[in-house]
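Coordinate inspection notes
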Amino acid sequence: ASKEAEARKRGGVLDAQLSEANQSVEDKAAALAAAQREFDEAQASLAAVTVEHERQQRTIAQLGRESEARGKAARAATATLTNDEARAGALEQDWHKASLKREQSQQDEEVHAHKVAVAQSVVDALRPAVAAAERLNEQELAELDRAKKQAEEAEAVLAQARAEVGAAVKDTHGAAATRSAVETATRVAARALLDIVPQDAPPPAADPAGAPKPPDTPRPAGSRQGMQLSMEAVLKAPDALQLLLDFARKDFSEENLEFWLEVTKYRERWDAADRREEERRKDAEWMIGEFLQQGSPRQVCVGDVRVKAVLDGVEASGAYTRDMFDIPEEIAYGTLKLVIFPRFEVTPEALKLFEERDNLVEPDPACQQGGRKREAYT
């Protein structure tokens, strides 16, 4: 009985524990259900966040593509602006060249107008001579017509005289009648010839009276016939050299003269007593980079073969010499003498030097007949 009571007591305790356990299980089940709901809500929120994240990623990618496109557009605009600036610079240079050409054209028009005025003055001066010649031609034509008529009359008289002579020969009156007829015919023919060429007519003049001769070619006062401007003397005179250099720059051909001047200075620097080899090497490299290499700032057109010869000589010997620029300098000097200086000679500045500076003038070997070349230039 005690064991049964104890068992019942334990059974009651166990029932109470079981009830508590069941209650705990129910509470935990409720908590689990709540947790499951929270998990489901969190999972739904995560899905929504994932969708939003993907949308934001797509937006970011779209913005990246738009930014890249805008960057390309900006780079293209920058390149276009650079090209526009380059074209603007080229157009400005073209405008400058066109302005120079326009000024040259105006000068040419002035020279042409002067020549036209001179030609017009010559024409005006020759008009009286032409009119006199026309009048003389009219008189000569009238005289010729009159002479033709008189010749026809003389031929008729001669024919009549021949007929009379023939009749006289046949006449039986003898030699006296024949001689009389011949004398009569001779007098008639002589009279006819005198009528054809009047004895008091003046001889035709080779040059009509009063006809002025064409004026000589105009030449400036004090022109030096048979002389020319010396390029060697101009290169030695600082002020004249500056005028030549200014002209060459306006003519866009200054690189030949500048190269010749720099070669002269290069030799002078080379010969300096305190000049070191390193300084000479840098000086020679500067000359090559400034005047001879392709695309150099002041490249002179002396021929690729000559430039290659200079560079090959430096590469082969590994040394720079004083006379390494002699051949290119001779070519540049020839271009200066044969192309640039003749154009400079006809400018007003050069003509002023020619007229005023005795030390810049030399005999012109191409001008053998009284300054013909100088007059043509003028």
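Each value, and the rule that gives it
Residues numbered from 1 in each chain as written. Predicted model: local features only at pLDDT ≥ 70, side-chain atom pairs only at ≥ 80, totals over all residues. Heavy atoms only, no water. Helix = DSSP H or I, 4+ residues; strand = E, 2+ residues; numbered from the N terminus. Buried < 20%, exposed > 50% of the residue type's maximum accessible area, 1.4 Å probe, protein only. Areas by Shrake-Rupley, 256 points an atom, 1.4 Å probe, with all protein chains shown as cover. Phe/Tyr/Trp six-rings, centres within 6.5 Å; stacked < 30°, edge-to-face > 60°. Lys NZ or Arg CZ within 6 Å of the ring centre and 35° of its normal. UniProt positions renumbered as here; feature names shortened; annotations may be inferred. Salt bridge = Lys/Arg side-chain N within 4 Å of Asp/Glu carboxyl O. Axes fitted to C-alpha atoms, helices over the stretch in contact; angles between N-to-C directions. Parallel < 35°, antiparallel > 145°, perpendicular 65-115°, else oblique. Contact = heavy atoms within 4.5 Å. Nonpolar A, V, L, I, M, F, W, Y, C, P; charged D, E, K, R; others polar. Core = buried A, V, L, I, M, F, W, Y, C linked by side-chain atoms within 4.5 Å. pLDDT = per-residue confidence, 0-100. Expected span 1.5 Å × (residues − 1). Arc of directions from axis to C-beta.

Identification of the chain as RGS domain-containing protein from Prymnesium polylepis is taken from an unreviewed UniProt entry.

1. Digging into the overall build of the chain
Scanning the chain from terminus to terminus reveals 10 helices and 2 strands. Per-residue burial for the chain yields a buried fraction of 21% across its 378 residues. Approximately 26700 Å² of the chain is accessible, and the part contributed by carbon and sulfur atoms is 57%.

2. A short note on the packing of aromatic side chains
What the rule picks out here adds up to 7 aromatic pairs. Seen from their ring centres, Trp286 and Phe291 are 6.1 Å apart, and the 85° between their planes marks the pair as edge-to-face. You can call Trp286 partly exposed: its relative accessible area is 38%. Ring pairing ties together the aromatic residues Phe247, Phe341 and Phe344, which thus form one cluster. Over the aromatic face of Phe252 sits the side chain of Lys97, whose NZ or CZ is 5.7 Å from the ring centroid. A cation over an aromatic ring shows up here: Arg280 above the ring of Trp270, its NZ or CZ 4.7 Å from the ring centre.

3. Here's the deal with the UniProt feature "coiled-coil region" (unreviewed entry) in the chain
In this structure's numbering, the residues bearing the UniProt feature "coiled-coil region" (unreviewed entry) are residues 18–52 and 130–171. Within the segment residues 18–52, helix and strand shares are 100% and 0% respectively, and the terminal C-alpha atoms sit 49 Å apart.

4. Overview of the pattern of salt bridges
Scanning the model with the defined rule gives 19 salt bridges in all. Note that Arg298 and Glu258 form a salt bridge whose closest N and O atoms lie 3.1 Å from each other. Here Arg298 is found in the loop between α6 (277–292) and α7 (304–317), whereas its partner Glu258 is found in helix α5 (residues 254–270), with 40 residues between them in sequence. Look at Arg298 and you get partly exposed, because its relative accessible area is 25%. Linking Asp283 and Arg269 is a salt bridge whose minimum nitrogen-to-oxygen distance equals 2.6 Å. Here the residue Asp283 occupies a position in helix α6, and Arg269 occupies one in helix α5, the gap between them amounting to 14 residues. Each of Arg269, Arg275, Arg276, Glu279 and Asp283 takes part in salt bridges that share partners, so that together they form one network.

5. Regarding the packing of helix α4 (residues 238–250) against α5
The interhelical angle for the contact between α4 and α5, taken along N-to-C directions, is 140°, at an axis separation of 8 Å. Compared by their axis directions, α4 and α5 come out oblique. Of the residues in α5, those in contact with Leu241, Leu244, Leu245, Ala248 and Arg249 of α4 are Glu254, Leu257, Glu258 and Leu261. Of the residues that constitute the contact of α4 with α5, the class distribution is 6 nonpolar, no polar and 3 charged.

6. Overview of the nonpolar core
Within the largest apolar cluster, 23 residues are counted, with the highest numbers of intra-cluster contacts made by Leu229, Leu235, Leu244, Leu257, Phe341, Phe344 and Leu360. Broken down by secondary-structure element, the contributors of at least two residues to this core are α3 (231–236), α4, α5, α8 (326–345) and α9 (348–356). In terms of residue count, the dominant contributor to this core is α4 (5 residues). Residues Val307, Val310, Val314 and Tyr320 belong to the second largest nonpolar core, which totals 18 residues.

7. Observations concerning the confidence of the model for the chain
Within the chain, residue pLDDT values average 78, and 72% of them lie at 70 or more. Low pLDDT, under 50, characterises residues 186–222; the stretch is placed with 27 contacts to residues that sit more than four places away or in other chains. Ignoring residues within four places in sequence, the model shows residues 369–378, a span with pLDDT below 50, making 24 contacts including any to other chains.

8. Some remarks on α7
Over its 14 residues, α7 extends 20 Å from the first C-alpha to the last, a length consistent with the 20 Å expected when each residue adds 1.5 Å. Here α7 has its buried residues at Val307, Val310 and Val314. Buried residues along α7 cover an arc of 60° about the axis, so they all sit on one side. Turned more than 90 degrees away from the buried face of α7 sit Asp304, Val305, Lys308, Glu315, Ala316 and Ser317, all of them exposed. Where α7 is buried, its residues touch α6 and α8. Looking one or two places after α7, you find Gly318, whose phi comes out positive at around 70°.

9. Quick notes on unusual backbone geometry
Outside of glycine, negative phi angles account for most residues, and trans bonds account for most peptide bonds. One non-glycine residue with positive phi stands out, namely Phe252, at about 55°. Here Phe252 shows up in the loop between α4 and α5. Here Phe252 falls in the partly exposed class, since its relative accessible area comes to 44%.

10. Digging into α4
For an α-helix the count is 3.6 residues per turn, leaving residues at separations of three or four pointing the same way. Helix length check: α4 (13 residues) gives 18 Å between terminal C-alpha atoms against 18 Å at 1.5 Å per residue, within 8%. Among all positions of α4, only Ala240, Leu241, Leu244, Leu245, Phe247 and Ala248 are buried. Taken around the axis of α4, the buried residues stretch over an arc of 160°, which confines them to a single face. Exposed and facing more than 90 degrees away from the buried side of α4 are Pro238 and Lys250. Backbone geometry just after α4 places Phe252 at a positive phi near 55°.

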